[in-house]
Amino acid sequence: MCKVKVNPTDWGLAPTPFPTTVLELLHSPTQSLKDRPTHPQILRLRVPIPNEPIPMSKQTYRVCFCFRRRFKLAISEAPPEIKALFDQYSENGIMTVDNLHRFLTEVQKEEKATKEEAQATIDHCLRELKHLNIFHRKVLNLEAFFKYLFGDINPPISPSIGVHHDMSAPLSHYFIYTGHNSYLTGNQLSSDCSDVPIIQALHRGVRVIELDIWPNSTKDDVEVLHGGTLTTPVELIKCLKSIKEHAFVASEYPVVITLEDHLTPDLQAKVAQLVTQTFGDVLFSPGSECLKEFPSPESLKKRIIISTKPPQEYLEAKAVKSENDPKSGKTQVDEEAWGQEVPDLKGANMVYDKDELEEEDGNGEEDNDKSSQHVAPEYKRLIAIHAGKPKGGLLECLKVDPDKVRRLSLSEQQLEKASGTYGKEIVRFTQRNILRVYPKGTRVDSSNYNPMIGWSHGAQMVAFNMQGYGRSLWVMQGMFRANGGCGYVKKPDFLLKTGPHNEVLDPKDKLPVKTTLKVKVYMGEGWYYDFKHTHFDAYSPPDFYARVGIAGVAADSVMKKTKTLEDDWIPAWDEEFEFPLTVPELAVLRIEVHEYDMSEKDDFGGQTCLPVSELRKGIRAVPLHSRKGDKYKSVKLLMHFEFV
């Protein structure tokens, strides 16, 4: 049931047809240009742009058969603070190239901005406003200045910065955009297996693709599916060909294929043949021996890497009931339509049971050595990143071997528990080796978990169900918007360095505040164009509020909320928030907009997450995305970012 806010002045009969042209009464933002009328208002005829909704001075909502409610539609107008800044950085109501250049350096903190760039910004804004036919000099008035601030030309992360992290360090020095069960189109129990979600993930910049490979029904070919479930299989060769075709569309840095192998030696040999024929020279194959140190992303550009446990481990462990068994547990239901709140980090309060790891994963490297003669040698030579869990509990697993590197996998629950007891050991392990974290088996709805517990301990491969959606996945997407969206983000130095006595960071240590991020939310616009006018409420314009906060280490994580503005397609909240940050290197700024509904769940109005380390200071136009991470065409927020 939708709410109806009764206001007698809103009621009355109203015509329903929309006019094809509209006379708009616009406030003149400045009187300074010679060709502009001196009257405070100008009347102009607007011819509608094809496929663009027609702006109206009023909007009508049907309440019953006879009655309509009318609401005035606000015009997008610069907030008072923006007007004051324009007055400060303009002369006689116009902003010249010199004025704009001073604004870029002093307010936008773009110290390297040139006058040529300021001129290019002016030219762009004037092209956008050419329908006004009032600009004869290359300067900005208030309307054009506001257009620049709220335009695509002014995003919160610089589009020109590209890949700027040092990419010459070993793979273990990077967070890597990692998928879990990458072939599933939906839930973990009954959805189809397909190459389509693999392609979609690669186009979003995901660099680690997971494939579970099984014999087909006749035992003469290899399929990809989630074993022991009702998921329909897809041919392995189809997945491999799609990876080859789309691997480097979004990023030229290496793609890792993690194989969960349930094959006999003859089918392993077939997989080796398929992989070799499909990828050819693109495949990175160092041989059967473990690497002494991982190569760098720079040296592996446009290469495909295979990572798996020595395959005999799977054959012997079939009877082991693992936490990742999708048939165990109940479906986790999201609390809200857009995904439950990101869980708190609780690892520091939990104690690890030293026997848990062995119970879950059954067999270790000793078994592998004994059975290696049963493995197809050509298949074993494909494995560049060796995986496995040695016997002897977690401490044995976390031992750092100076002569070889490897990959260790832990479930989200295992990591959460282990971090409370062995946090420093995990950090030390991840300085040379790779740690992969995967969702617990009860997430049969393809939901996800808080990635920060993995990142704060140096885990490189925090594996997510990319085919789902929700707040945890939004945080993941936000983290990997950093470094040009290439799928590799250099870990902070404090996770990589050791002290004079070989000591490493203890993630449980309380750290001082390094910086404070001040965020001001001025206003939002664009919903009127991207949604039907009854999408949020059948009887009135939407009542928007914004949520702003930080996903980060436990001390930094918080969410705050603006007031709710009733019946307004262009909400102007004009509210400021402060976020003290102890670990800004791992912080992700979370932004959401919702529409308040007194009788039902609040409606979703857009979201985005941004890496704090790459936020541009100053006033920025922040585009919002759908629940699935697709960018809206028009919806944006005008915000101000400052570090103090």
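Reading the values: rules and limits
Residues numbered from 1 in each chain as written. Predicted model: local features only at pLDDT ≥ 70, side-chain atom pairs only at ≥ 80, totals over all residues. Heavy atoms only, no water. Core = buried A, V, L, I, M, F, W, Y, C linked by side-chain atoms within 4.5 Å. Buried < 20%, exposed > 50% of the residue type's maximum accessible area, 1.4 Å probe, protein only. Contact = heavy atoms within 4.5 Å. Helix = DSSP H or I, 4+ residues; strand = E, 2+ residues; numbered from the N terminus. Pairing = 2+ DSSP bridges.

A. Broad picture of the nonpolar core. If you look at the biggest cluster of nonpolar residues, it comprises 143 residues, and the most contacted ones within it are Phe 103, Leu 211, Ile 243, Trp 527 and Leu 589. Filtering out sequence-adjacent residues up to four positions away, Leu 211 remains in contact with Tyr 183, Ile 198, Val 224, Leu 236, Cys 239, Leu 240, Ile 243, Ile 257, Thr 258, Leu 259 and Glu 260. Core analysis: the next-biggest nonpolar cluster, separate from the first, contains 20 residues, Tyr 174, Val 256, Leu 300 and Met 461 among them.

B. A look at the pairing of strand β23 (residues 588–595). The element β23 is extensively covered by neighbouring structure, given that eight of its eight residues are classed as buried. Every second residue of β23 is oriented toward a common face, with Val 588, Arg 590, Glu 592 and His 594 on one face and Leu 589, Ile 591, Val 593 and Glu 595 on the other, all of them buried. Bridge analysis of strand β20 (residues 544–551) against β23 gives eight bridges, and the strand direction is antiparallel. Within the sheet, the bridge partner assigned to Arg 547 lies in β23 and is Glu 592. In this sheet, strand β24 (residues 603–611) lies alongside β23 in antiparallel orientation, the contact comprising seven bridges. Residue pairing in the sheet places Glu 595 in a bridge with Asp 603 of β24.

C. Representation of the environment of Gly 93 in the model. Position of Gly 93 among the secondary structure elements: in the loop between α1 (80–88) and α2 (97–106). For Gly 93, a relative accessible area of 17% translates into the label buried. Sequence spacing of Gly 93 and Leu 142 is 49 residues, and the spatial spacing of their C-alpha atoms is 7.4 Å.

D. Representation of unusual backbone geometry within the structure. The phi angle at Ser 446 is positive, at roughly 65°, despite the residue not being glycine. Within the fold, Ser 446 resides in the loop between β16 (434–438) and α14 (452–455). In this model, Asn 502 sits at a positive phi of 65°, which is unusual for a non-glycine residue. With respect to the helices and strands, Asn 502 occurs in the loop between β18 (488–490) and β19 (515–525).

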